[in-house]
Amino acid sequence: MLNKLTKIKRLLLIGKEIWHNKRSMRGRFIIYLLSLVLLAGSAMLILLNVIGIVQPPSHDIDRFLEYELNTRTNDIKRQMNALAAHNIDLSQQLQNDIDRVMLEQGIYNNYDALNNNPEALTAIQQATYQTLAAKMQQAPASGALYLLNASVNTNLLEPTYNGLFLKFTNIYSENTLFNETCMFRGNPQVARNNNISLYSTWQLELNVHAYPQADKLLHAKENNISQQYILTDVAHLKESWEQSRLFLMPINSNNGRIIGICGFEISSVYFQQRTKQANYKGYPLITAILDKKADNEYQGQLSNPASFVNATIKTSFDGEHELFTAGQEHFIGFTAPLTVGASEHRVAVMLPADSYYHLQRQAKMRLLIMLGIILLLSLLSAGYFSKRYVDPLVADLQQLQQNPDAPPQSSVLELNKFFEFLQSHSEQQAEKLRQLQSENNQVQKQYGLAAMRLQEAQEKQKQTANQYIQLEEQLAALQNEIQQVRLQMEQTQQEKLQAQQQFNFAQAALEKAIEKKLESVDPDSYQMFIDNLATLTPKEEDIFNLYVQGCSTKDIISQLGITENTLKYHNKNIYSKLGVKTR
C-alpha cells in the first residue's frame, strides 16, 4: 500500500512540475512525448478493439450467452426431433396392438365399446406394455404414456382416460438405460405381470386437467399425426411432487379417427440432468424452456433447482439483453423461439444479474488497470527521455548566458552549429552597429531640418484656425436666419389650419341648409319624381345623368353631339315627365 502511495505521489510531483514548466523546453518536451505515447496507446487500443482482442466489458459475456443459447436451442431441437421420430413409430405400433386386441375381443373398430369395459382395457394395456416400455428405453425422456379416449367409469365428475403411464424412478443422470421402471397410471395387474412397482401416488387413470393441450389433442378432428405433435406447457402432476411436460401425438384408427394420444414425459428432474451445467468464470448459467402465460410473463423448466422454479418469470428488454425477474431474483440473458409441432415455446439462457454486473466491473477494472499501466509507462518514459536529452541542452544554454564565447559541452550537432552561428553573427552585428551610428548622425541632421519645417507648418495652422473661427461665426448667423424662417413657416401652417377649420364649419352649415331645404320638398312630388325616372327614354336618361354630374348646356351638346334645339326638346320632355320647372 505504501509503495502505491509513493508511486502516486511521484506521479503527482511530475505532473506538477510539468504544469509549472509548461512553457519551458523540458515541459513542452514531456507534454509532446506524453501526447505521442498516449496517442499511440489509444490507437493500439482502438486497433485491438476492431480486430476483437479488446472488447467492451460486456462483449465476452454476451458472446458466451449467445453461444450457449444457440447450443442449448440446437440440443433441445435435436431432442424434440428424436422424440417426434420415436413417437410416430410408437403411435403406429400402439394402433396395431389395439386393433389386434379389439379384434380378439370381438369389438373391432367399435371404440365406443371400450367405455366402461375394464376387461378390454386391461387386455389392451397388457398387449401394449412391452411396446411402451421398449420405446421409453430408447427415447430421451423420463417416462412414456398413452391414453385412450375411453374410461372404466364415464360417470365421474372429472373425466379420466385409461392407458399406461410409465416413469423412471430415481433419475440421477441423462442415461436412464438401467433405471428402475414404475407404473404411474395403469392397471396394477399389468404391473405385477411385468414385475414393476407402482408409483407412490399411483392411480388407475389419468386426469389431463393439468395439460389443456393434451385434452385438446384428444378431441381434435385432424388426423395428420406428423403435424399434430405438441410439447405441452410445464405443469404440476396431480398426486406427484414434481413438475413435467408431455411430448404428445394422436393415435389414429384405420378410418382416420383419433382414438387416443401417446408420447413421452420430460420431468423437471430429467431436464436438469440432461441439460449440462454451464459456467462462465465460475458463475453458473441457467437454461430454461419457457411457456408464455401472459404478456411478458412465463413459466417453465429450469436447468438447476433455483429458488424461483415455481414462480412466474416476468421479462423486459433493455435494448441489448432480456431481463428476467421472479420474486426477488433477477437475471440477464437472451431467449430464442422454440417451435415443437403445433406448440410455441422459448429457450432462455440466463446469468444472475449480480454475477453479470460483477463480471462487468471486473472487466472494467482490468481495462482501467491496463490504461493506468500505459499512462504510468508514458510518464516514466517521458521523465527518462527528458533527463537523457533535455538536461544537456539546458546546461549549454545556461553556459551561453554566462560565457557566450565558450564552446558547448554537449555533442549535439544542431547546438554546435548554433554556437558557430552566434559567433559569426556577433561580428556582423558589430559592423551593422557602426553603420547604424553613421546613419544616426545623418538622421539627426535631417531631424533639424524637419523641426524648422514643422514650425512653419504650425504658423500656417494658426492662420487656418483663425479662418475656421470666422466660418463658424458665419454659420451661426445662417442658423439664426433658418430658425426665423422656421418660425414663419409654423405661423403660416397655423393660419392654414384655422382656414381649414373655417371651411369645414361652412361646409357643415351648408349641409344643414340642404337638409332643411330637402325637408321642405313635398313627399308626393318627390315620390312622383322618383317613379317617373323609369319613363325617361335612353337619350333623356343620358341628358338627365349629365345634368346630375353638373355639366353645362354646352358640355352636354358637345358630349352627345346634338343641337341646341334638340336639347331644348328633350329638356321639355324631362321637365314634363318629372314634374319640375327648372334644371
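The structure contained in this document is the topic of the report that follows. (Residues numbered from 1 in each chain as written. Predicted model: local features only at pLDDT ≥ 70, side-chain atom pairs only at ≥ 80, totals over all residues. Heavy atoms only, no water.)

Looking at the packing of helix H11 (residues 538–548) against helix H13 (residues 564–578)
In step 1: Where H11 meets H13, the closest approach of the two axes is 10 Å, and the angle between their N-to-C directions is 85 degrees. With respect to their mutual orientation, H11 and H13 come out roughly perpendicular. Every residue of H13 that contacts H11 at Lys 539, Glu 540, Ile 543, Phe 544 and Tyr 547 is listed here: Leu 567, His 570, Asn 571, Asn 573, Ile 574, Lys 577 and Leu 578. (Axes fitted to C-alpha atoms, helices over the stretch in contact; angles between N-to-C directions. Helix = DSSP H or I, 4+ residues; strand = E, 2+ residues; numbered from the N terminus. Parallel < 35°, antiparallel > 145°, perpendicular 65-115°, else oblique. Contact = heavy atoms within 4.5 Å.)

Some points on the environment of Asn 155
In step 1: Within the fold, Asn 155 resides in the loop between strand S1 (143–148) and strand S2 (163–168).
In step 2: Asn 155 gets classed as exposed once you look at its relative accessible area, which sits at 67%.
In step 3: Along the chain, Asn 155 and Asn 116 lie 39 residues apart, while their C-alpha atoms are 9.3 Å from each other. (Buried < 20%, exposed > 50% of the residue type's maximum accessible area, 1.4 Å probe, protein only.)

Observations regarding the packing of H11 against helix H12 (residues 553–560)
In step 1: Look at H11 against H12: their axes get within 10 Å of each other, and the N-to-C directions meet at 135 degrees. Taken together, the axes of H11 and H12 lie oblique to each other. Like other packed secondary-structure pairs, H11 and H12 cross with a definite hand, here right-handed. Residues Lys 539, Asp 542, Ile 543, Leu 546 and Tyr 547 of H11 pack against Ile 556, Gln 559 and Leu 560 of H12.
In step 2: Tallied by class, the residues present in the contact of H11 with H12 amount to five nonpolar, one polar and two charged. (Left-handed = near helix turned anticlockwise from the far one by under 90°. Nonpolar A, V, L, I, M, F, W, Y, C, P; charged D, E, K, R; others polar.)

Digging into the sheet that holds strand S13 (residues 313–317)
In step 1: The six strands are arranged S11-S12-S13-S14-S15-S16 in a closed barrel whose pairing can be described as antiparallel. The average angle at which neighbouring strand axes cross in this sheet is 45 degrees, direction not considered.
In step 2: Helix H3 (residues 59–105) contacts strand S11 (286–294), strand S15 (329–340) and strand S16 (343–352) of the sheet and is inclined by roughly 35 degrees relative to S15. (Pairing = 2+ DSSP bridges.)

Quick look at the pattern of salt bridges
In step 1: As enumerated under the stated definition, the model contains 12 salt bridges in all.
In step 2: Put simply, Asp 291 and Arg 245 hold a salt bridge, and the shortest N to O gap is 3.0 Å. Residue Asp 291 is located in strand S11, and its partner Arg 245 is located in strand S7 (residues 243–252); the two are separated by 46 residues in the primary sequence. Arg 245 carries the same exposure label as Asp 291, and that label is buried.
In step 3: Between Glu 540 and Lys 577 there is a salt bridge, with its nearest N and O atoms 2.9 Å apart. Linking Glu 540 in helix H11 with Lys 577 in helix H13, this pair joins segments that are 37 residues apart in sequence.
In step 4: Where salt bridges share partners, they join Asp 75, Arg 78 and Arg 274 into one cluster. (Salt bridge = Lys/Arg side-chain N within 4 Å of Asp/Glu carboxyl O.)

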